[in-house]
Each structure stands twice: as C-alpha cells, then as structure tokens.
Amino acid sequence: MSPSRLFLAIAALSLSLPALADENLLGYVRGAETLPKGSSEFYQWFTDRSDKGAGHYRALDTKTEVEYGVSDRFQVSAELNGLAINTSGLVVDGYLPGDKKSGLRARSVELGMKYNFLSPAKDDIGVSGIASVELGRLDPHSGRNKSEVEVEFEMQVQKYFLEGQLVVIGNVGGRAAREKRKAIANLPEDFDWPTDPEMEISTKFGAGVSYRFAPGWYAGAETVRESEYETEVGLERWTLFAGPSIHYAGQKWWATLTAFKQVRGGGEKYAGQTDTNLHLIEKTKNEIRFKVGYNF
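How each quantity is defined
- Residues numbered from 1 in each chain as written.
- Predicted model: local features only at pLDDT ≥ 70, side-chain atom pairs only at ≥ 80, totals over all residues.
- Heavy atoms only, no water.
- Helix = DSSP H or I, 4+ residues; strand = E, 2+ residues; numbered from the N terminus.
- Rg over C-alpha atoms; globule rule 2.2 N^0.38 Å.
- Buried < 20%, exposed > 50% of the residue type's maximum accessible area, 1.4 Å probe, protein only.
- Salt bridge = Lys/Arg side-chain N within 4 Å of Asp/Glu carboxyl O.
- Polar contact = N/O pair within 3.5 Å; in protein donor to acceptor, adjacent residues only side chain to side chain.
- Contact = heavy atoms within 4.5 Å.

An account of the overall build of the chain is needed here, citing residue identities and associated values.
Within the chain, the secondary structure is distributed over one helix and 12 strands. Ordering the α and β elements of the chain from the N terminus gives α-β-β-β-β-β-β-β-β-β-β-β-β. Here the chain has a C-alpha radius of gyration of 21 Å; the compact-globule value for 296 residues is 19 Å, and the two agree. Expressed along its principal axes, the backbone C-alpha trace of the chain runs to roughly 80 × 35 × 35 Å. Taking all 296 residues of the chain together, the buried fraction comes to 48%.

Here is the structure:
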C-alpha cells in the first residue's frame, strides 16, 4: 500500500472510531464508558467560578483523580479536591460572613466506583452507575471551615450515532450530605451562622451532545439542572446551567474545555440581589472547566 493510501486508511479509521474508554467528551455531563481491565487513567480538573452579581467573587476548584479498571465493566477511583477563593465587598447572611482570600488548600477526599451495565460501543445503548463517598473540611462557597460527609449516586446513559461520530449522553443523580460549620469569631452584628449539623439532599439532571468534526476533535454542548433541599427550609435553590464544550483526544491523553453559564435559577436570594432570575448565594453566574486525562 502506498503512503498516501495508508494515510487515507488511517484517517478513515480514526473518523469511524468512538471515543476512548471513559474519555470525558464533556465537562459536566459524564459518559457511560468504563476503563478496560488492568488499565488506569489520571485526571486533573480546574473549575473557575466567578461573579455573584455584587462585590468580587472568584473561586478555583481542583480535582486530582486516579481511576483503575478492576474489570472491563467495573472501575474504582480516588481523588483529592482543592479550593482557592477570593471574595470581597459582599456579605450574605448565613453564607458569606465577610472578605476571604486564600491560596489553594485541600478541601476534600473522595472514593468512588463505577459499573457498566450496558456498553455504548457493544450494545444499542450504554448504561452505567456511579457511587461515591466524600469527606470534606472546607465550605466550597465561603472557604470557611466545615466538616462534611457526602454520598452521591448517578446513572449515565450514552448512545452513539453516525458510527460514533455523534454522541448523546444523559445523567440523573442524587446527593445526600451531612454538614457542620465551625464557629467564627467576630462575626458582623446579627449575622446568622448556624453551627448545628444540617442535612442537604440534591438532585441533578444533565444532558449533552458531542460531535466529531475532525480526527480527535469534538464540539459539544451540555446542560445541567440541580435542585437542593435542606432540613429546615425545604427547597433551598435550583439552577440551570448550559454551555459549549471543545474536546481533543490523542493516543494516550485527552483534554476538554467547557464554558458554563447560569441560564436561570431560583430559591433564596441575598439582600440587594439585582439578578432576581438567578440563584447567586451558592452558585455564580459563570463557570469555566478544563479537564485533562492521561491513560496508562
């Protein structure tokens, strides 16, 4: 075979192949693929959260994760999560007690597992389930000390179209957490900062689509709706985020960039909040997430 024909054959093959096992085509919506038995993958995530509509707010979340394929259908994972925060000029009763600036600190550790019931590549549709336990020491919104135990469950559905060129993914999940804030000295007068243990339950629904427009390159779009319920107030908040994603995959590594914007939100609002169609106490207007993975 001539070099030109060989190149065309390789290009045609690359265009017909679906995504690699457990490759994250999207930033927030997760696929149903799992790692092959005996293989591992290293992840590094960065999520920038900014803009609460008043004052200055910016937070950086990091996730360092390792996954291992116990079998072709079952994988386990361990991760370390970090948080850096810079907020000023905004006080929110019960949530943001004042200005806070800190560099990257360890926020939590998490152990998880994922089981693939149906393979997206081998069956008509892929179905997987994830379960995880997280132990936290910092509040992700204020950066203040808080002990937390969180359990999460999620189902992923994934479908290939056009011989793998088009991928459609759906997620549905729930999270339960027990949290206890640490006391803070010199709080503003009459500021509410409860230190009794609290229970939170949240639900999440996500959907996304990713299209391969060139060898190794995918363009996508995704959306996630979350609702959170607390012990004393019932439905505390809900948010709807949406945005585009771009993904590139090499032979051993991949990277994904997603710009996420809050489209609508409801529930509690802080005093003086002008964007009344958004939830800006625990969420921000904008998020940007970059993820990179390496298979070994």
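Explain the pattern of salt bridges residue by residue, including any values.
Applying the stated rule across the entire model yields 17 salt bridges. Ionic pairing is found between Arg237 and Glu282, a salt bridge with its closest N-O pair at 3.4 Å. Here the residue Arg237 occupies a position in strand 10 (residues 234–249), and Glu282 occupies one in the loop between strand 11 (253–267) and strand 12 (286–295), the gap between them amounting to 45 residues. For the pair shown, Arg237 and Glu282 are each scored as buried. Within this structure, Glu148, Glu150, Arg175, Glu200, Glu228, Arg237 and Glu282 form a network of salt bridges that share partners.

Could you give an account of unusual backbone geometry, with specific residues and numbers?
At Glu163, a residue that is not glycine, the phi angle is positive and equals roughly 55 degrees. Within the secondary structure, Glu163 is located in the loop between strand 6 (145–161) and strand 7 (166–181). Even without a glycine there, the phi angle at Asn186 is positive, about 60 degrees. Tracing the backbone shows Asn186 in the loop between strand 7 and strand 8 (198–214). For Asn186, a relative accessible area of 80% translates into the label exposed.

Please provide a residue-by-residue account of the side chain of Gln273, values included.
Along the chain, Gln273 turns up in the loop between strand 11 and strand 12. Here Gln273 falls in the buried class, since its relative accessible area comes to 9%. Within the structure, Gln273 has its side chain in polar contact with the backbone oxygen of Asp275 (distance 2.8 Å). The residues touching Gln273, leaving out its near neighbours within four places in the chain, are Leu278 and Leu280.

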